Amino acid sequence: MRSSSLPCVAVAALTALGACTDAPRASNDRAGLATVFDSLGDTIIARVNGAVPASAVRSLRTELRIAPTEDDTSLFGEVFDVRPGRDGRLWAFDPQARVLLVFDSTGRLERRVGRRGAGPGEFANSSGLVVLPDGRIAIWDSQNARIQLFSAAGHFLRAIPHSAGFNTSNGLTVDATGTLYVTRNVAEPGPYDTFWKLGLVRLDSAGAWVDSLVPPEVPVKRPTWQASSADGNNRSSTTVRFGAAGHWRWHPEGFFVTADGARFAITLHAPDARPITILRSADPVAVAADEQENEREMITFNMRQTNPGWTWTGDAIPTTKAPLASMLIARDGRVWARVALPSVLIPEAERDPVPADGRPVRRYREPAAYEVFARDGRFLGRVSLPDNTVVTEAEGDRVWGITRDEMGLPAVMRYRVVPGFGDR
């Protein structure tokens with residue numbers, strides 16, 4: 001369906017592509033929308049236009065739910081980052097107890113791994129958790145400056161020392177060969193970066209740093225606000241939740257996938273192959289005036305934690321949302337793109353209590369939906385998520401993640417996409 005099926009090649013401008021009436025059209029009733037392929041220079045273009053019919057939107061059906069009760073939170077008090085093993089086990093990190101939880105395929109707790117501390121098998125935090133293809137587990141404990149490896153059964157194997165001074169969430173990545181990568185500052189910041197140019201550092205089988213990988217530049221200037229302390233020793237930066245941004249992720253096959261959130265353009269930069277760019281048209285999603293004000297309040301509060309005299313300067317709060325909010329690369333190599341949706345006002349009874357420090361409370365939440373694309377750029381369908389659900393991994397018709405009930409209690413979830421991507 002790719003280069004051999006692309007007789008229409010544009011050599012001048014996008015408008016030339018529109019004149020190519022013989023560009024192949026991959027009609028896909030199962031997805032709800034068709035994908036139209038053509039070319040622009042050396043790049044394969046996969047275009048998806050229009051709104052997905054409501055009848056074609058998929059949902060998630062619960063297969064497994066693991067959760068504490070309101071009266072007994074001894075199972076876990078909090079949970080962060082859920083990862084499925086190839087053998088059906090589920091791994092989750094409890095940041096309150098500083099332990100790894102191992103559940104079997106039925107949801108039974110097999111064991112708790114580690115505890116708070118700095119010794120072998122102990123944790124200060126988690127900045128990333130991955131399951132290697134051979135079943136081993138790797139967790140990046142940035143506060144203890146190391147990556148720890150565990151067997152599929154949860155037995156401590158060894159620790160890989162790692163330089164301190166930087167941490168991020170979900171900062172550990174693994175590809176299909178089992179190679180580990182750590183998110184780090186890899187170059188001087190460019191015009192679209194804030195304080196750092198983030199990329200990946202590749203580790204060899206012994207845990208040594210091999211090389212740095214810099215992602216392709218995504219020319220999106222994200223609305224950003226910064227503050228510096230009076231002595232200049234502390235700096236902080238924040239962004240608006242729904243502002244346009246450039247995104248990048250590492251594909252299991254070993255290459256970068258980038259996305260321009262401002263125009264919903266996703267590019268797969270596979271080596272020794274033509275790049276594939278997915279272009280998705282989307283109607284603008286407006287931001288209500290009160291939601292804009294809520295974001296402004298929260299940004300102002302955050303900046304004043306660094307500089308109490310901080311006043312509003314720079315960008316205004318956007319009046320529309322970026323069409324592409326974030327991106328996840330599934331274990332099978334599919335691209336899951338979270339799309340912008342209209343926000344919903346949170347009922348007062350469900351809002352967080354006002355903290356003692358006066359931090360503003362978020363008044364809006366956004367329903368979640370992902371659009372899923374195949375490795376070759378084909379649109380596979382839209383998936384609507386249950387309220388208050390975060391996806392951490394996907395493969396085929398299976399999805400894993402974390403959801404919260406009306407009391408804010410977390411649950412580890414395994415879902416199935418219904419109908420499946422091949423069922424319609």
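Everything below is about the structure printed above this text.
Residues numbered from 1 in each chain as written. Predicted model: local features only at pLDDT ≥ 70, side-chain atom pairs only at ≥ 80, totals over all residues. Heavy atoms only, no water.

Caption draft 1: View of the overall build of the protein. Regarding its fold elements, the protein presents 2 helices and 34 strands. The C-alpha atoms of the protein give a radius of gyration of 22 Å, which matches the 22 Å a tight globule of 424 residues would have. Based on the C-alpha atoms only, the size of the protein along its principal axes is roughly 65 × 50 × 45 Å. For the protein, the proportion of its 424 residues judged to be buried stands at 49%. Sequence separation of at least 24 residues holds for 53% of the intrachain contacts in the protein that already meet a minimum separation of 6. Looking at the protein as shown, the accessible area adds up to about 19,600 Å², and 48% of this sits on carbon and sulfur atoms. (Helix = DSSP H or I, 4+ residues; strand = E, 2+ residues; numbered from the N terminus. Rg over C-alpha atoms; globule rule 2.2 N^0.38 Å. Buried < 20%, exposed > 50% of the residue type's maximum accessible area, 1.4 Å probe, protein only. Contact = heavy atoms within 4.5 Å. Areas by Shrake-Rupley, 256 points an atom, 1.4 Å probe, with all protein chains shown as cover.)

Caption draft 2: Summary view of the pairing of strand β18 (residues 224-228). Both β18 and strand β19 (residues 235-239) contribute to a ladder of 5 bridges, which runs antiparallel. Within β19, the residue paired with S228 across the bridge is R235. Joining the antiparallel neighbours β18 and β19 is a turn of 6 residues, in which G232 adopts a positive phi near 80 degrees. (Pairing = 2+ DSSP bridges.)

Caption draft 3: Focus on the side chain of R414. Secondary-structure assignment places R414 in strand β34 (residues 410-418). A polar contact of 3.1 Å, which involves the side chain of R414, links it to the backbone oxygen of S105. Apart from residues lying up to four places away in sequence, R414 is in contact with R61, T62, E63, L64, S105, R398, V399 and W400. (Polar contact = N/O pair within 3.5 Å; in protein donor to acceptor, adjacent residues only side chain to side chain.)

Caption draft 4: A look at the sheet that holds β34. Taken together, 4 strands build an open sheet; the order of strands is β5-β34-β33-β32 and the sheet is antiparallel. Across the chains shown, the open sheet's two edge strands, defined by having one partner strand only, are β5 (59-66) and β32 (389-395). The sheet shows a mean angle of 30 degrees between the axes of neighbouring strands, direction not considered. (Axes fitted to C-alpha atoms, helices over the stretch in contact; angles between N-to-C directions.)

Caption draft 5: Seen up close, the environment of L268. Mapped onto the secondary structure, L268 falls in strand β22 (residues 265-268). Separated by 67 residues in sequence, L268 and V335 have C-alpha atoms that sit 9.4 Å apart. If we skip the residues at most four places from it in the chain, L268 touches H251, F255, F256, V257, P275, I276, I278, V335 and R375.

Caption draft 6: Structural view of the sheet that holds strand β26 (residues 324-329). Pairing within the open sheet is antiparallel, and its 4 strands lie in the order β26-β27-β30-β31. Two strands bound the open sheet, and with one partner strand each, they are β26 and β31 (379-384). Put simply, the sheet's adjacent strands are angled 25 degrees from each other on average, direction ignored. In this structure, strand β30 (residues 369-373) lies alongside β31, joined through 5 bridges in antiparallel fashion. Its bridge partner lying in β31, V372 is registered against G381.

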